[in-house]
Amino acid sequence: MKIGILDSGMGGLSVLHEAYHQLPNEEYFFYADEEHVPYGTKTKEQITEYVDAITNFLIEKGIDALVVACNTATSVAIETIRQKYDIPILGMEPAVKPAVEGTDGKRIMVIATPVTVRENKLKTLLSRVDGEHRVDIKATPGLVTFAEEQIFEGEEVTRYLTETFADIDKSGYQALVLGCTHFNYFKPVYKEVFGEDILLIDGNEGTVRHLADVLSLTRNCGVEKIEIQDIDDMKNRFHTTYFISGKEVTDKKLLTKFMKYHNRLEFVRDI
Ligand code: DGL
């Protein structure tokens, strides 16, 4: 099957990477809208216009299903594109439900972009699943910039998160929900700031499981590591066409950049 995956930028690779684990034999079209990243500080109208154009572009490539691998785009644009296009379109929303169900009374912190935090979709989700009012929400847009610049760890990232959460008692938190696909790269830093025991919860595994169900695909549940040696190895093992804002990526340097993101995602996968 041909599967389209879109995001404002490099966050969506975390969904593609999970798809490599569970559905390694499908054909992927990955679209990063680098021209417009970040989406998290744009208007609803702008984001909807970008996502509509990308969906149209990917449908012309012949995709059978689309994953909007972006919580921000899902919160503002998913209804519009679902009404307009006929293929299955999956969105992503912060994995609050598994966080509430998988913890036992302590608080839960959801981090997301300013748009996701502001929009009704998250508020509606909370009113449905957070009956005990255990969930707090914080916008951390700086992490999108760090992810785009491949700054995954180090003083700057630690400082940003420490300052962002300076006013809260971090020991009261049991789980951190990564409500933006760009946030997967920083898992070791969350542990540094919130403590080793903090549970890190993202929606990637569930999204790919859902995709497999929708397309009636059999998932590979193996736990083997995916360590990509070089771009030829990447091309041989996975059938993916990468696009950056409408242009197919063929340049070796850029493909190597994508490979580095994949290897980082593999490194943080089990944290
Ligand atoms: N990766 C996106 C998300 O999941 C958006 C990041 C951004 O462009 O602001 O929300």
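Here the residue numbers are simple positions, counted from 1 along each chain's written sequence. Confidence filtering applies because this is a predicted model: local features only for residues at pLDDT of at least 70, side-chain atom pairs given and counted only at 80 or more, and all residues used for totals across whole chains, interfaces and linings. No hydrogens and no water enter the side-chain calculation; it runs on all heavy atoms of the structure.

**Section: the packing of aromatic side chains**
Then comes step 1: A pair of Phe, Tyr and Trp rings is counted when the ring centres sit within 6.5 Å of each other, with Trp represented by its six-membered ring. The angle between the planes then sorts it: under 30 degrees is stacked, over 60 is edge-to-face, the rest tilted. In this structure the tally under the stated criterion is 16 aromatic pairs.
Then comes step 2: The interplanar angle of 5° and the centroid separation of 3.8 Å between the aromatic rings of Tyr20 and Phe238 together place this pair among those described as stacked. Of this pair, Tyr20 sits in helix H1 (residues 13–22) while Phe238 sits in the loop between helix H11 (231–237) and strand S9 (239–244), placing them 218 residues apart in sequence. Here Tyr20 and Phe238 have matching classes, each one buried.
Then comes step 3: Judged by centre distance (5.3 Å) and plane angle (65°), the rings of Tyr185 and Tyr261 are edge-to-face. A residue pair is termed long-range when its members are at least 10 positions apart, and Tyr185 in the loop between strand S7 (173–178) and helix H9 (187–194) and Tyr261 in helix H12 (residues 252–268) qualify at 76 residues.
Then comes step 4: Take Tyr185: its relative accessible area is 0%, and that puts it in the buried class.
Then comes step 5: Classification of residues uses two cut-offs on accessible area relative to the type maximum, computed with a 1.4 Å probe and protein chains only: under 20% is buried, over 50% is exposed, and between them is partly exposed. By relative accessible area, which is 0% here, Tyr261 ends up buried.
Then comes step 6: One aromatic cluster in this structure is built from Phe152, Tyr185, Phe186 and Tyr261. Secondary structure elements are defined from DSSP: runs of H or I of at least 4 residues count as helices, runs of E of at least 2 residues count as strands, and each element is numbered from the N terminus.

**Structural notes on the site of the ligand**
Then comes step 1: Near residues are defined by distance, with any heavy atom within 4 Å of the molecule or strand qualifying the residue. Taken together, 14 residues lie near the ligand, and Ser8, Tyr39, Gly40, Thr72 and His182 sit nearest.
Then comes step 2: Polar contacts here mean pairs of N or O atoms no more than 3.5 Å apart (in protein, one a potential hydrogen donor and the other a potential acceptor; neighbouring residues in sequence count only if both atoms are side-chain atoms). In the environment of the ligand, a nitrogen atom lies 3.0 Å from a nitrogen or oxygen atom belonging to the side chain of Asp7.
Then comes step 3: In this structure, an oxygen atom belonging to the ligand sits 2.8 Å away from a main-chain N or O atom of Asn71.
Then comes step 4: Protein coverage of the free-state accessible area of the ligand, which is 300 Å², stands at 99%.
Then comes step 5: Classifying every residue of the shell around the ligand gives six nonpolar, seven polar and one charged. The protein chains shown are the only cover counted for residues, whose accessible areas, like all others here, come from Shrake-Rupley with a 1.4 Å probe. Classes in brief: Ala, Val, Leu, Ile, Met, Phe, Trp, Tyr, Cys and Pro nonpolar; Asp, Glu, Lys and Arg charged; the others, Gly included, polar.

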